[in-house]
Amino acid sequence: MDEQPEPAQEPAAQSGGGLDRRAELSEFLRTRRARLKPEDVGLPEFGRRRVPGLRREELAQLAGVSVAYYTRLEQGNGRNVSAEVLDAIARALRLSDAEHAHLTHLAKPKQHKKKPVARTQQVRPTLRHLLDSIETVPAYIVGRRSDILAWNRMAAALFGDWAELPAPERNWARLVFLRPEYHDLFVEWDRKAQDMVGYLRMDAGRHPDDPRLSALVGELSVKSEEFRRLWAAHDVKEKSFGVKRLRHPLVGDLTLSFETFRLVDEAEQSLITYHAEPDTPSAQALRLLASWGADATRAGAGSTAPPA
């Protein structure tokens, strides 16, 4: 029997102010199944399908579990599911490493010691000194929910002086989706927007009980139609490395490589750096920004701002 189409889901909140882990698990599995075609996994195509993707029966067959078992899991009941079964389902759904980790976070959450999940994120003073010592490379530290916690003068020159913003607004998702100047700054804004939502999805899997994350998702869902569309796709992504093309209002177009360094003592914080290939127009543009210093952003030394 063909499955009936399911309506798109709004972000589901728990009574405690976080996201509903069972709803997140259900929607994630449903959207991953919907993107696969029978021919993608070597199955014959029989009959007309009312909704895209594999049927539950087909996915269960590929994973080697009963249809009833998989159906319960897709309905959000991940209790007592084994790591081996999750691995089999991940293989059947052809999940990426990030997606596999996200599935595990949702289905088998780790038991954390009781501590306030919304606690203030702190950056070690020595890391702030390190940022200040990096004079020619834009660098900043980002934490949970993509909050911008600390940055150097070059990051302020490249991205704008975050010290001028109230602490709650120093958040990459808010900047990308709610501030028009960032739409202009990123040449491939659509890609940047997808990345930001993927990062937030990974955070939601790790910390669905974070009320600040739930509030952020709710705010962006109300204020940005594009965020709402991307959030409904349930795509996930880990911060890593790559290339970004920027159009800076003072120095023009830049092509910069970025790297992500996850901090050993604070797993939810990462140091992000941007650099240009030597002897390129982008390298020259960065040197020009460095020479202008505080004049490039009117304030400059943002890394001395208090943590968010």
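Everything discussed here concerns the structure shown above.
Residues numbered from 1 in each chain as written. Predicted model: local features only at pLDDT ≥ 70, side-chain atom pairs only at ≥ 80, totals over all residues. Heavy atoms only, no water.

S.K.: Talk me through the packing of aromatic side chains; I want residue IDs and the actual numbers.
M.R.: Two aromatic rings are characterised by how far apart their centres lie and by the angle between their planes. Applying the stated criterion across every chain yields a total of 16 aromatic pairs. For the ring pair Phe159 and Trp172, a centre distance of 5.4 Å and an interplane angle of 90° mean the geometry is edge-to-face. Remark: Trp172 occurs in helix 8 (residues 172-178) and Phe159 occurs in helix 7 (residues 153-159); sequence separation between them is 13 residues. The two residues Phe159 and Trp172 agree in class, both being buried. Ring geometry for Trp162 versus Trp172: centroids 5.6 Å apart, planes at 80°, classification edge-to-face. Of this pair, Trp162 sits in the loop between helix 7 and helix 8 while Trp172 sits in helix 8; the two residues are 10 residues apart in sequence, bridging distant segments of the chain. Taking relative accessible area as the criterion, Trp162 reaches 0% and is therefore assigned buried. Ring-pair connections join several aromatic residues into one group, and the members of that group are Tyr140, Trp151, Phe159, Trp162, Trp172, Tyr182, Phe186, Phe258 and Tyr274. Seen from the ring of Trp231, Arg201 lies directly overhead, with NZ or CZ sitting 3.6 Å from the centre. Sitting over the face of the ring of Tyr199, Lys239 holds its NZ or CZ atom 4.8 Å from the ring centroid. (Phe/Tyr/Trp six-rings, centres within 6.5 Å; stacked < 30°, edge-to-face > 60°. Helix = DSSP H or I, 4+ residues; strand = E, 2+ residues; numbered from the N terminus. Buried < 20%, exposed > 50% of the residue type's maximum accessible area, 1.4 Å probe, protein only. Lys NZ or Arg CZ within 6 Å of the ring centre and 35° of its normal.)

S.K.: Would you mind going over the packing of helix 2 (residues 56-63) against helix 4 (residues 83-93) in detail, with residue names and values included?
M.R.: Interaxial distance between helix 2 and helix 4 falls to 8 Å at its minimum, and their mutual angle equals 120°. Relative to helix 4, helix 2 is oriented oblique. Relative to helix 4, the crossing made by helix 2 is right-handed. Contacts between helix 2 and helix 4 pair Leu59, Leu62 and Ala63 from the former with Ala88, Ile89, Ala92 and Leu93 from the latter. For the contact of helix 2 with helix 4, a count of residues per class yields seven nonpolar, no polar and no charged. (Axes fitted to C-alpha atoms, helices over the stretch in contact; angles between N-to-C directions. Parallel < 35°, antiparallel > 145°, perpendicular 65-115°, else oblique. Left-handed = near helix turned anticlockwise from the far one by under 90°. Contact = heavy atoms within 4.5 Å. Nonpolar A, V, L, I, M, F, W, Y, C, P; charged D, E, K, R; others polar.)

S.K.: So, the environment of Pro208: which residues are in play, and what are the values?
M.R.: Among the secondary structure elements, Pro208 is positioned in the loop between helix 10 (189-206) and helix 11 (211-223). A relative accessible area of 3% means that Pro208 is categorised as buried. C-alpha separation for the pair Pro208 and Leu106, spaced 102 residues apart in sequence, amounts to 8.6 Å.

S.K.: Which residues make up the side chain of Asn171, and what are the values?
M.R.: Following the sequence through the fold, Asn171 ends up in the loop between helix 7 and helix 8. A polar contact of 2.9 Å, which involves the side chain of Asn171, links it to the backbone nitrogen of Ala173. Look past the residues within four positions of Asn171 in its chain and what remains in contact with it is Arg145, Ser146, Asp147, Ile148 and Leu216. (Polar contact = N/O pair within 3.5 Å; in protein donor to acceptor, adjacent residues only side chain to side chain.)

S.K.: An account of the environment of Gln121 is needed here, citing residue identities and associated values.
M.R.: Among the structural elements, Gln121 can be located in the loop between helix 5 (97-107) and helix 6 (125-133). Once the C-alpha coordinates of Gln121 and Glu266 are considered, the two residues, 145 residues apart in sequence, prove to be 9.8 Å apart. Within the structure, Gln121 has its side chain in polar contact with the backbone nitrogen of Arg144 (distance 2.7 Å). Here Asp147 takes part through its side chain, which lies 3.1 Å from a polar atom of the side chain of Gln121.

S.K.: Account for the sheet that holds strand 4 (residues 252-262), with residues named and values stated.
M.R.: Pairing is antiparallel in the open sheet, where five strands are placed in the order 2-1-5-4-3. Either end of the sheet is taken by a strand with one partner, and the two such strands are strand 2 (148-151) and strand 3 (241-248). With strand direction ignored, the average angle separating the axes of adjacent strands in the sheet is 30°. Here eight bridges tie strand 3 to strand 4, and the two strands are oriented antiparallel to one another. (Pairing = 2+ DSSP bridges.)

S.K.: Go over the packing of helix 10 against helix 11 with me, naming the residues and quoting the values.
M.R.: Contact pair helix 10 / helix 11: the axes reach a minimum separation of 11 Å and the direction vectors enclose 145°. Considering only the axes of helix 10 and helix 11, their crossing is left-handed. Counting all contacts with helix 10, which are made through Leu200, Asp203 and Ala204, the residues of helix 11 involved are Leu213, Leu216 and Leu220. Among the residues forming the contact of helix 10 with helix 11, the class breakdown is five nonpolar, no polar and one charged.

S.K.: Explain the pattern of salt bridges residue by residue, including any values.
M.R.: In total, this model carries 26 salt bridges according to the counting rule given. Residue Asp265 pairs with Arg124 through a salt bridge whose shortest N-O separation is 2.7 Å. Highlighted residues: Asp265 in the loop between strand 4 and strand 5 (270-275) and Arg124 in the loop between helix 5 and helix 6, separated in sequence by 141 residues. A relative accessible area of 37% places Arg124 in the partly exposed class. Across the salt bridge formed by Arg245 and Glu188, the nearest N and O atoms sit 4.0 Å from each other. Of this pair, Arg245 sits in strand 3 while Glu188 sits in the loop between helix 9 (180-185) and helix 10, and the two are 57 residues apart along the sequence. (Salt bridge = Lys/Arg side-chain N within 4 Å of Asp/Glu carboxyl O.)

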